[in-house]
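# Breakdown of the fold
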Amino acid sequence: QVQLVESGGGLVQAGGSLNLTCVFTGSGFTLYHMTWYRQAPGKQRDLVARISKEGHPDYADFLKGRFSISRDDDKKIVYLEMNSVKPEDTALYSCNARRIGSSGRPYEYWGQGTQVTVST
């Protein structure tokens, strides 16, 4: 059974940096595409960044190069490096793992999230 545990959130001043971590427990990590999402109170959940099982990153347009996603397949960890944070980055950040099985069935897992709060 796959489990995802995020950490690294907290309170940070605008302009600062924060590093989030998503630890994957279970088998088959290298088969999964990994994605960071965020959701602010009263708003929809947005994709922040994703990294394919091959290690190719992709980012939401609104980030404008401020964040960086990476993965360590040996440690089964996904990182989100957040730089030049803004108050509008305040949200619950959640990790998602997804793959398509050989039969075409999707397998998808979510973590509980880690709260990021950016102060002015």
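Residues numbered from 1 in each chain as written. Predicted model: local features only at pLDDT ≥ 70, side-chain atom pairs only at ≥ 80, totals over all residues. Heavy atoms only, no water.

## A short note on the pattern of salt bridges
Worth spelling out the cut-off: Salt bridge, as applied in this entry: a Lys or Arg side-chain nitrogen positioned within 4 Å of an Asp or Glu carboxyl oxygen. Secondary structure elements follow DSSP: runs of H or I of four or more residues count as helices, runs of E of two or more count as strands, with numbering from the N terminus. Burial classes: relative accessible area under 20% of the type maximum marks a residue as buried, over 50% as exposed, and values in between as partly exposed (1.4 Å probe, protein chains only).
What the rule picks out here adds up to five salt bridges. With its nearest N and O atoms 2.8 Å apart, the salt bridge here joins arginine 38 to aspartate 89. With arginine 38 in strand β4 (residues 33–39) and aspartate 89 in the loop between β8 (77–82) and β9 (91–100), this residue pair connects regions lying 51 residues apart in the sequence. In this structure, aspartate 73 and arginine 71 form a salt bridge, with 2.8 Å as the shortest nitrogen-oxygen distance. Classification of aspartate 73 as partly exposed rests on a relative accessible area of 33%. Where salt bridges share partners, they join Arg38, Arg66 and Asp89 into one cluster.

## A few points about the sheet that holds strand β7 (residues 67–72)
As a reminder, the rule being used: Only strands joined by at least two bridges in the DSSP assignment are considered to pair. Geometry is summarised by axes, namely lines fitted to C-alpha atoms with helices restricted to the contacting stretch, and by angles between N-to-C directions that run from 0 to 180 degrees.
What the four strands build is an open sheet, ordered β1-β3-β8-β7; its pairing is antiparallel. Edge positions in the open sheet fall to β1 (3–7) and β7, since each of these has one partner strand only. Within this sheet the neighbouring strands show an average axis-to-axis angle of 15 degrees, counted without direction. In the sheet, strand β3 (residues 18–25) pairs with β8 via six bridges, with the strands oriented antiparallel. The partner of leucine 18 across the bridge, within β8, is methionine 82.

## Let's talk about the environment of valine 48
Put simply, the rule is: Any two residues whose heavy atoms approach within 4.5 Å at even a single point are treated as in contact.
Mapped onto the fold, valine 48 is located in strand β5 (residues 46–51). Overall, valine 48 belongs to the buried group, its relative accessible area being 0%. For the pair valine 48 and aspartate 61, spaced 13 residues apart in sequence, the C-alpha to C-alpha distance is 8.7 Å. Excluding residues within four positions of it along the chain, valine 48 makes contact with Trp36, Tyr37, Arg38, Tyr59, Ala60, Leu63, Phe67, Leu80 and Tyr93.

## Things to note about the side chain of threonine 21
Locating threonine 21 in the fold gives a position in strand β3. When its relative accessible area of 18% is taken as the criterion, threonine 21 is described as buried. Here threonine 21 is in contact with Val5, Glu6, Ser7, Trp36, Ile77, Val78 and Tyr79, once residues within four sequence places are set aside.

## Focus on the packing of aromatic side chains
Going by this rule: Paired rings are identified among Phe, Tyr and Trp, the last through its six-membered ring, by centres lying within 6.5 Å, and are further divided according to the angle between planes into stacked (under 30 degrees), edge-to-face (over 60) and tilted (the rest). Only when the NZ of Lys or the CZ of Arg is both within 6 Å of the ring centre and within 35 degrees of the ring normal is a charge said to sit over the ring.
Using the criterion set out here, one finds four aromatic pairs in the structure. Aromatic pair phenylalanine 24 and phenylalanine 29: ring centres 4.9 Å apart, planes at 65 degrees, arrangement edge-to-face. Residue phenylalanine 24 is classed as buried on the basis of its relative accessible area, which comes to 2%. With a centroid separation of 5.0 Å and 50 degrees between ring planes, the pair formed by tyrosine 37 and tryptophan 110 is classed as tilted. Of this pair, tyrosine 37 sits in strand β4 while tryptophan 110 sits in strand β10 (residues 106–110), and the two are 73 residues apart along the sequence. Overall, tryptophan 110 belongs to the partly exposed group, its relative accessible area being 33%. The residue whose ring lies beneath arginine 45 is tyrosine 37, and the NZ or CZ to ring-centre distance is 5.7 Å. The side chain of arginine 45 reaches across the aromatic face of tryptophan 110, ending 4.0 Å from its centre.

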